[in-house]
Amino acid sequence: MTAGMADAVGAGAVPPAADGGGAGAPGPASADPPPHGIGVSLPPADAPAKALGIFPYAADLWAEGLLWAAVLRSPHPHARIVSIDTSAAAAMQGVRAVVTHADVPGDAAHGRRVADRPVFASDLVRHHGEPIAAVAADHPDTARLAAAAIAVEYEVLEPVTDPEKAFAAEPLHPDGNLIRHIPLRFGDPEAAGEVIVEGLYRIGRQDPAPIGAEAGLAVPRPDGGVEIYTASTDPHADRDLAAACFGLEPERVKVVVTGVPGAMGEREDPGMQLPLGLLALRTGHPVKLAATREESFLGHAHRHPTLLRYRHHADAEGKLVKVEAQILLDSGAYADSSADSLAAAVAFACGPYVVPHAFVEGWAVRTNNPPSGHVRGEGAMQVCAAYEGQMDKLAAKLGLDPAELRLRNALATGDLLPTGQTVTCPAPVAELLRAVRDFPLPALPKDDPEGDWLLPGGPEGAGEPGAVRRGVGYGVGMVHMLGAEGADEVSTATVKIHNNVATVICAAVETGQGFSTLARQIVQEVLGVAEVHVAPVDTDQPPAGPAARGRHTWVSGGAVERAARMVRTQLLQPLAHKFGMSTELLTIADGKITSYDGVLSTTVAEALDGKELWATAQCRPHPTEPLDDTGQGDAFVGLAFCAIRAVVDVDIELGSVRVVEVAVAQDVGRVLNPRQANTRIEAGITQGIGAALTENLRTSQGIVRRPDFTGYTLPTSLDAPTVRIVKLVEERDVVAPFGAKAISAIPVVTTPAAVAAAVRAATGRPVNRLPIRPQAAVGAVGAPA
């Protein structure tokens, strides 16, 4: 531990701990260990620390000589900076440093994919809340007052907030307003169906809304470098980005991952981490910043607001003939991951259905709206809401049951995506849909006198019971796993075993998705030991990549498995040689090693005999390729599917909606931890309900309105419906470690479409905007009483 790290922990603080935080020191091995390994509901190791309130979040860290930071952010979405005067702030008692764009020693701009985002705005402000300057002071109130004292003269410019107008508007950035255009061409452009339906759909700006806002601590190092303690979800990328901006070699910047208070992918705000490091280097003191909720909303990336135009062609039997679509993503001021989100949106624009002919135009453009980026299910969620709306329209026009129409077009293994890629993984779409369709429906409230609280608005808030309509709707979705279009997906892990205790070293960040628990289970399964610890994550370890798109279940889990199997071979080889047999004839289970014939029977501890064994391994899935100029290419490593049936009650006088029940069937490959799998599905459904009904970060001419949890409404426990996990299809993906697929993203993608379909069924109204506004659910068109 360096002096900087020791200072960062400080007296009375809890260091970033093994097993994702606060698990404590290893205890003695149990004589009769509880069930463990793959397929067991092993509890998270960090659960006791979280329950006791000692889990080490970045906001809780402290260091000797600590200074506090504050960031000045732009009040305008688009403006020219005429001048910045920091003299008043610098002269305030207790202020140690003030930094602006002129104080950035390295690269002035950064970005995860495209380096187009300045550390501090210099000439132009491009979105509301963009960082202008930062202050370090000896008290947080002093820092905030000093930031407010910085005098910035702006020439306010007209913001570009309509993405459709961005094409003809003056360039907002030297790179122009168009970030990416994908024209997908598949099949015969002259093909036409007997039945045609069209639709226009709008998807709002969903925020990741982490329970804990961004926070960090930067500690200067004796070698002139800096250590940053923060809830990073991709520490090596953050290190490289920070080093480039600080003008330092990457090895002189260290990122230490603290407890992550919830993350939906790469949700952290680099506009907070970079000023922290600059201030620590400038002052020579540790510097801490804990963002307010408003700063959190303004700084990190949101789901892309999306405009979608669709035209579906089908024959008289309901078989799809052609899909035409235009998809426009509002990227906000900077590129971030918009190119990746657009690729997913265009590739999955037709959904998990067989479509012989598809023609899709996709664009991602810059505007002066809040920044957009990676949020769970990016791209796929927006198009799912649109293509499922189209399927409901087709079913109504053809007089078919909505589930039946979907079944007639369901994708299966061996079919082609519109990108020309063959679906080689399990794709049980029809099986999933039948499972939710055939599951019994919940009782109607009028048949249950004690169930009035189920009505929209609750027992006191609902209108007359006669105004309530029930609707049933379906959603079928798909997502890709891992990166796409040639992304080098690689992770490295080390497994050590000594004194019958194993340790996993892997830079895969535990963001709540359960990787730390899974890593323990993998080692337990392979080596037969009950006690496994996962080391804290920092950038001294080899990289494992971002915690997004189910990567760590597959890539990091695969690296852990391979390393554990290498250790297993080291453990078994001396025994196999002694008894004249191969290691394949030996098995390890429950801490015991036995041979196929029963001649050999010993324990893992006896076989170790005090030795320490270790191995390091990598996992790198098969390569993919970028989409070409016509949207064709094998761009995805793997796919996952989900079917959801939503049941809602709608008060057609008030426009209020209550999600009564969600039945879900999901393609999971293999369940590695049953309780964890169920929890992830339920959490994804709840996030999807938020996108369907309440979550929309509202703006007016680029200004974020009410960036807090009163203006941005999250679903609460009272809004969460009964979730019925009807079926988990365990058809293993042969190219994935243990055959497992990622679980979290696909319910988020599919739930909004199912809820919208149910509201359509209840009211007969089109419902073409998410979240669903009350006025869209007022009044019924031919709905039964």
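Quick caveat, the model's predicted, so the values are computed rather than measured. Along each chain, residue indices are assigned from 1 in the same order as the chain's sequence is written. pLDDT decides what is reported in this predicted model: residues at 70 or higher carry local features, side-chain atom pairs at 80 or more are listed and counted, and totals for whole chains, interfaces and linings draw on all residues regardless. With hydrogens and water set aside, each side-chain value is computed from the structure's full complement of heavy atoms.

1. A closer look at the overall build of the protein chain
Helix and strand content of the protein chain: 17 helices and 31 strands. Computed over the C-alpha atoms, the radius of gyration of the protein chain is 27 Å, within 12% of the 28 Å expected from 2.2 N^0.38 for a compact globule of 785 residues. Counting only C-alpha atoms and orienting by the principal axes, one finds that the protein chain spans roughly 80 × 75 × 60 Å. For the protein chain, with 785 residues in total, the buried portion stands at 60%. For helices the rule is a DSSP run of H or I covering at least 4 residues; for strands it is a run of E covering at least 2, with both sets numbered from the N terminus onward. Radius of gyration here uses only the C-alpha atoms, and the compact-globule reference equals 2.2 Å multiplied by the residue count raised to the power 0.38. A simple rule labels every residue: compare its accessible area, found with a 1.4 Å probe on the protein chains alone, to the largest value its type can have, and call it buried under 20%, exposed over 50%, or partly exposed in between.

2. Section: helix H6 (residues 270–283)
Taking 1.5 Å of rise per residue, the 14 residues of H6 would be expected to cover 20 Å, and the 20 Å separating its terminal C-alpha atoms lies within 8% of that figure. Most of H6 is tucked away, with twelve of its 14 residues classed as buried. Among all positions of H6, only Pro270, Gly271, Met272, Gln273, Leu274, Pro275, Leu276, Gly277, Leu278, Leu279, Ala280 and Thr283 are buried. Once H6 ends, the next one or two residues include glycine 284, with phi positive near 75 degrees. Each helix should span, by expectation, one fewer than its residue count multiplied by 1.5 Å.

3. Regarding the pattern of salt bridges
We define a salt bridge as a side-chain nitrogen of Lys or Arg found within 4 Å of a carboxyl oxygen belonging to Asp or Glu. All told, the structure shown has 32 salt bridges when counted by the stated rule. A salt bridge links arginine 366 to aspartate 175; the shortest N-O distance between them is 3.9 Å. Here arginine 366, found in the loop between strand S17 (357–365) and helix H9 (380–398), pairs with aspartate 175, found in the loop between strand S8 (151–156) and strand S9 (178–186); they are 191 residues apart in sequence, far enough to count as distant. Among the residues examined, aspartate 175 registers a relative accessible area of 46% and is labelled partly exposed. One salt bridge connects aspartate 240 with arginine 239, and the closest N-O pair in it is separated by 3.0 Å. For aspartate 240, a relative accessible area of 37% puts it in the partly exposed group. One network of salt bridges, in which partners are shared, links Glu388, Asp392, Arg406 and Arg760.

4. Let's talk about the sheet that holds strand S18 (residues 468–484)
Strands are labelled as partners when DSSP assigns at least two bridges between them. Read from one edge of the open sheet, four strands run S18-S26-S27-S30, paired in mixed fashion. Looking at which strands have only one partner, the edges of the open sheet turn out to be S18 and strand S30 (722–729). Adjacent strand axes in the sheet meet at a mean angle of 20 degrees, parallel and antiparallel pairs treated alike. With ten bridges connecting them, strand S26 (residues 636–651) and strand S27 (residues 656–667) associate as antiparallel partners. In the strand pairing of S27, arginine 645 is matched with alanine 663. Angles shown run from 0 to 180 degrees and are taken between the N-to-C directions of axes, each axis being a line fitted to C-alpha atoms and, for helices, limited to the stretch in contact.

5. A closer look at the sheet that holds strand S2 (residues 79–85)
The antiparallel open sheet is built from three strands, whose spatial order is S6-S2-S8. Of all the strands in the sheet, the pair left with one neighbour each is strand S6 (124–125) and S8. With two bridges joining them, S2 and S6 adopt antiparallel strand pairing. Paired with alanine 79 across the two strands is valine 125, which belongs to S6.

6. Things to note about the packing of aromatic side chains
Aromatic ring pairs: the centre-centre distance and the angle between the two ring planes describe each pair. In this scheme Phe, Tyr and Trp rings, the latter by its six-membered ring, pair at centre separations within 6.5 Å, and the angle between planes marks the pair as stacked below 30 degrees, edge-to-face above 60, and tilted otherwise. The full count for this structure, using the stated rule, is six aromatic pairs. Ring centres 5.9 Å apart and planes at 80 degrees place the aromatic pair phenylalanine 167 and tryptophan 363 in the edge-to-face group. Pair noted here: phenylalanine 167 is in the loop between S8 and S9 and tryptophan 363 is in strand S17, with a separation of 196 residues, a long-range link. Between phenylalanine 297 and phenylalanine 709 the ring centres are 5.7 Å apart and the planes differ by 80 degrees, which places this aromatic pair in the edge-to-face class. Placement of the pair is phenylalanine 297 in helix H7 (residues 293–299) and phenylalanine 709 in the loop between strand S29 (703–704) and S30, with a sequence separation of 412 residues.

It is worth stressing that arrangement in space is one thing and function is another; only the former is reported here.
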